[in-house]
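# Per-entry structural report
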Amino acid sequence: MSSLAVRKDAPAGITPGTAQGPPPARRRRIALVPTLTLALGALYCLLPVAWVVIAATKSGRELFSTFTFLPGTGLADNLSDLNAYRDGVYWTWMGNSALYAGLGALLSTAVSAVSGYALAIYRFRGRETVFNILMAGVLMPPVILAVPQYLLLAEADLTDSYASVLLPLVLSPYGVYLARIYAAAAVPADVVEAGRMDGAGEWRIFTRIALPMMVPGLVTVFLFQFVAVWNNFLLPYIMLSDDEKFPITLGLFTLLEQGANTPALYTLVITGALLAVGPLIALFLVVQRFWSLDLLSGAVKS
Amino acid sequence: MPDTKQSRFVATAVAVTLGATTLAACGSSDDGTGARSGPAKLTYWTWTPGMDRVVDLWNEGPGKEQQITVTVKKQASGDTLVTKILTAHKAGQGPDLVQAEYQALPTLVSNDAVADISGEAGDAKEQFAEAVWQQTTLGSDAVYAIPQDVAPMMFFYREDLFEKHGLTVPTTWEEFADTARELKEKAPDLDLTTFSANDSGLFAGLAQQAGARWWTTEGQKWKVGIDDAATRKVADFWGGLVREGVIDNQPMYTPAWNKALDTGRQIAWVSAVWAPGTMATAAPDTAGRWKMAPLPQWSGDDTVTGSWGGSSTAVTTDSRHKAAAAKFATWLNTDREALAALAKNSGVYPAATNAQLSDAFSEPPGYFSNQPDFYTQAAAIAGTTAPSAWGPNVNVAYTTFKDAFAAAAKDRSDFGAALTKMQDDTVADLKKQGFEVAE
């Protein structure tokens with residue numbers, strides 16, 4: 001690709017003044033820089049992934065002694081060790097992560113959809129105040145809230161339960177913010193008006209008319225939330241003490257920090273981390289088709 | 001005890017959020033409604049692998065008779081766990097039993113998170129060496145935990161390479177320095193060892209051996225002696241070797257360090273009794289070529305060592321069954337069967353003196369199969385452990401150590417300045433937490 005670009009460049013340099021020459025040549029030349037930048041960016045992002053993939057194939061003996069990007073021979077052993085570790089507790093963690101991320105993202109998307117729609121469509125006293133408070137929430141890193149949330153849930157005797165991780169996830173300021181922006185852009189006031197004229201109730205308008213228009217936006221909210229929860233560490237770390245309820249992030253952390261007597265189980269952690277990326281990739285592949293709806297839904301009004 | 005960035009981040013994040021309120025709390029304990037034992041269901045936070053199997057022995061044996069059931073909730077070790085225990089304690093939701101490193105006990109005690117069990121478990125004292133037991137009493141009449149494992153420090157070296165280069169095993173630190181110089185002369189590519197600042201416990205143990213007492217009390221005031229003469233001697237010694245360039249200045253526990261050990265670029269390691277486990281992962285190809293010897297001494301007539309690691313079992317003030325919990329903690333750390341199971345399932349080197357020579361330790365660790373009397377020697381060395389003196393903000397001193405000494409080692413600059421910073425930061429933090437500090 002780059003050789004092609006260079007060859008196109010050459011004549012442009014020789015005949016700078018010609019009428020047809022420069023435009024395509026210039027386009028090519030400019031494209032080289034962004035392409036290179038993007039390629040570098042991609043390399044920067046993919047290199048660690050490649051490291052995880054290759055490191056997962058190495059046995060404990062090979063992990064630190066062979067060349068970094070030389071595949072090892074231990075993948076099958078690593079997988080069976082991971083599977084056997086404490087009677088397969090890894091899969092319990094995987095299931096927990098799926099539950100926290102799946103259910104948590106679903107609940108928070110539902111809340112975001114309702115509140116985002118309300119904030120975008122209805123005019124009521126205090127609307128901007130509510131929205132501004134939410135905006136402040138977006139700026140607040142969730143990490144800061146983990147301990148207060150723990151103390152709150154402790155009052156209700158809910159710590160160390162599935163609910164203790166799910167409940168704080170239900171309201172996501174960023175999700176509401178996105179849903180509001182999206183609803184404002186995708187659900188025209190005329191359509192809502194027309195629905196009212198035809199005698200539809202507000203709930204019916206929301207579920208039958210607005211919600212389908214908001215789907216692509218909500219898919220984005222769902223994905224954001226899912227990934228955020230899947231990678232979440234501090235909230236479950238503080239809330240949970242029973243390691244049968246741990247998500248993967250926390251479970252792998254206990255494999256690393258086993259105290260001085262026992263070395264960290266690096267091979268298991270690396271293999272576990274690799275497997276944990278799988279569901280995320282699968283989810284993105286599946287959800288991609290919903291994103292393409294975006295183009296169609298724009299055509300409602302003309 | 002490799003410390004990850006993640007764990008440090010978590011500890012910081014939690015500590016910041018908790019703020020001074022938790023840490024400054026230092027008050028009276030609500031007296032126990034829980035003096036009765038069994039029937040009781042207890043929860044136990046521990047990071048020791050295989051602990052669930054050891055606890056099963058209790059639940060099927062003595063625990064069943066006394067109707068005391070213990071459930072293990074496995075945790076990640078380190079400072080983050082201390083923070084988590086304090087958070088849970090603030091909410092009154094702590095478990096009944098926690099595993100705690102010795103240096104974390106003063107923090108837990110000053111936050112009123114662990115209970116005095118001298119009434120229930122005071123008799124266990126006979127089972128432990130004086131220097132070990134005093135870490136759980138903090139020099140008072142109270143007993144805040146039962147010692148579980150100890151980690152006496154030792155000197156590990158490549159026997160074959162020492163022979164090849166005509167080196168003798170150093171018995172004093174002076175000889176240690178000479179050995180490093182001699183090796184550098186004979187084989188400039190090799191290093192005797194490295195000075196690493198990424199695990200503060202190592203430096204603390206070395207200072208302890210030299211006779212340092214970092215935290216002491218004077219009446220109601222804390223006295224911080226991090227830059228005392230003994231520690232300064234240790235800092236200057238290692239700083240001098242690094243500046244001279246006769247030892248390496250790269251951190252431990254990195255892939256590069258593993259490789260250096262495995263390929264014989266570094267031929268010795270100052271470590272503790274748990275080193276065989278770490279080395280089996282770090283340097284798998286050189287198993288059977290290493291040997292263990294006592295730590296070099298500051299003067300020829302001494303036989304003292306420090307400790308690097310070790311932990312205890314404490315009963316929390318949140319527990320409603322303190323007597324039952326104390327009974328379990330005592331059983332776990334003094335009963336023959338329990339200690340044998342801990343050694344077998346979890347690789348725990350016991351704090352209980354008798355257990356150090358039990359059947360479980362008749363064979364050397366696999367990595368040291370060439371040294372049949374490994375554990376006999378280890379037990380003898382463990383008996384020479386110097387007392388240690390921990391305070392309520394070891395974590396702050398440790399964090400400053402990592403930052404200041406890592407920078408000093410990297411630049412090969414003055415370790416004394418780094419030590420002064422460690423002292424100043426620790427004193428400043430104590431004052432900030434509301435403790436009185438004697439100057």
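Residues numbered from 1 in each chain as written. Chains lettered and ligands numbered in written order. Predicted model: local features only at pLDDT ≥ 70, side-chain atom pairs only at ≥ 80, totals over all residues.

### Regarding the overall build of chain A
Spelled out, the test is: Only DSSP runs of H or I covering at least 4 residues are called helices, and only runs of E covering at least 2 are called strands; the numbering of each starts at the N terminus. Whether two residues are in contact depends on their C-beta atoms, placed from the backbone: they are in contact if these lie within 7 Å.
Helices and strands together make up the secondary structure of chain A, namely 15 helices and 0 strands. When contacts within chain A are restricted to residue pairs at least 6 apart in sequence, those whose partners lie at least 24 apart make up 71%.

### So, the domain arrangement of chain B
All names here are of chain B. Worth spelling out the cut-off: In this document the domain limits rely on a domain assignment from an automatic tool or a database. When residues are grouped by polarity, Ala, Val, Leu, Ile, Met, Phe, Trp, Tyr, Cys and Pro land in nonpolar, Asp, Glu, Lys and Arg in charged, and all others, Gly among them, in polar.
As far as domains go, chain B holds domain 1 (37–150 + 310–361) and domain 2 (153–307 + 390–438). Taking the mean C-alpha position of each, domain 1 and domain 2 sit 29 Å from one another. Contacts between domain 1 and domain 2 engage 12 residues on the former and 10 residues on the latter. If one sorts the elements of the side of domain 1 that touches domain 2 by residue count, helix α5 (residues 105–110) sits on top with 4 residues. Its residues assigned to classes, the side of domain 1 that touches domain 2 shows 6 nonpolar, 5 polar and 1 charged.

### A closer look at the sheet that holds strand β9 (residues 290–294) of chain B
Residue and element names in this part refer to chain B. Spelled out, the test is: Strands qualify as paired when DSSP identifies two bridges or more between them. Every axis corresponds to a line fitted to the C-alpha atoms, with the helix fit spanning only the stretch in contact, and the corresponding angles, defined between N-to-C directions, vary from 0 to 180 degrees.
Sheet architecture is open: 3 strands sit in the order β8-β5-β9, paired in antiparallel fashion. Edge positions in the open sheet fall to β8 (268–272) and β9, since each of these has one partner strand only. Averaged over all pairs of adjacent strands, the angle between strand axes in this sheet comes to 30°, irrespective of strand direction.

### A closer look at the pairing of strand β3 (residues 97–101) of chain B
Residue and element names in this part refer to chain B. Note the threshold: In this scheme every C-beta is placed from the backbone, and a residue whose C-beta has 20 or more other C-beta atoms within 10 Å is buried, one with 12 or fewer is exposed, and one in between is partly exposed.
Most of β3 sits out of view: 5 of its 5 residues are buried. One ladder, built from 2 bridges, connects strand β1 (residues 40–46) with β3; its direction is parallel. For W45, the partnering residue across the bridge sits in β3 and is V98. Note that β3 and strand β10 (residues 311–315) share 5 bridges and pair antiparallel. In the strand pairing of β10, Q99 is matched with T313.

### Some words on helix α9 (residues 173–186) of chain A
As a reminder, the rule being used: The span one expects for a helix is its residue count, reduced by one, times 1.5 Å.
The end-to-end C-alpha distance of α9(A), which contains 14 residues, comes to 20 Å, matching closely the 20 Å that a straight helix rising 1.5 Å per residue would cover. If you check which residues of α9(A) are buried, you get A:G175, A:V176, A:Y177, A:L178, A:A179, A:R180, A:Y182, A:A183 and A:A186.

### Re the UniProt feature "transmembrane region" (unreviewed entry) in chain A
Which entries qualify depends on this criterion: UniProt positions are given in the numbering used here, feature names are shortened, and annotations may be inferred rather than shown by experiment.
Per the UniProt entry, the sites bearing "transmembrane region" (unreviewed entry) are residues 30–54, 98–122, 129–153, 165–188, 209–230 and 264–287 of chain A in this numbering. Helix makes up 96% of residues 98–122 of chain A and strand 0%, and the two end C-alpha atoms of the span are 35 Å apart.

### Some remarks on the interface of chain A and chain B
Contact residues are listed per partner, giving 28 residues for chain A and 45 residues for chain B. Secondary-structure elements contributing two or more residues to the side of chain A that touches chain B are α3 (60–63), α7 (142–155), α12 (234–239) and α13 (248–256) of chain A. Top element by residues in the side of chain A that touches chain B is α7(A). It accounts for 6 residues. Per-class residue counts for the side of chain A that touches chain B are 15 nonpolar, 9 polar and 4 charged.

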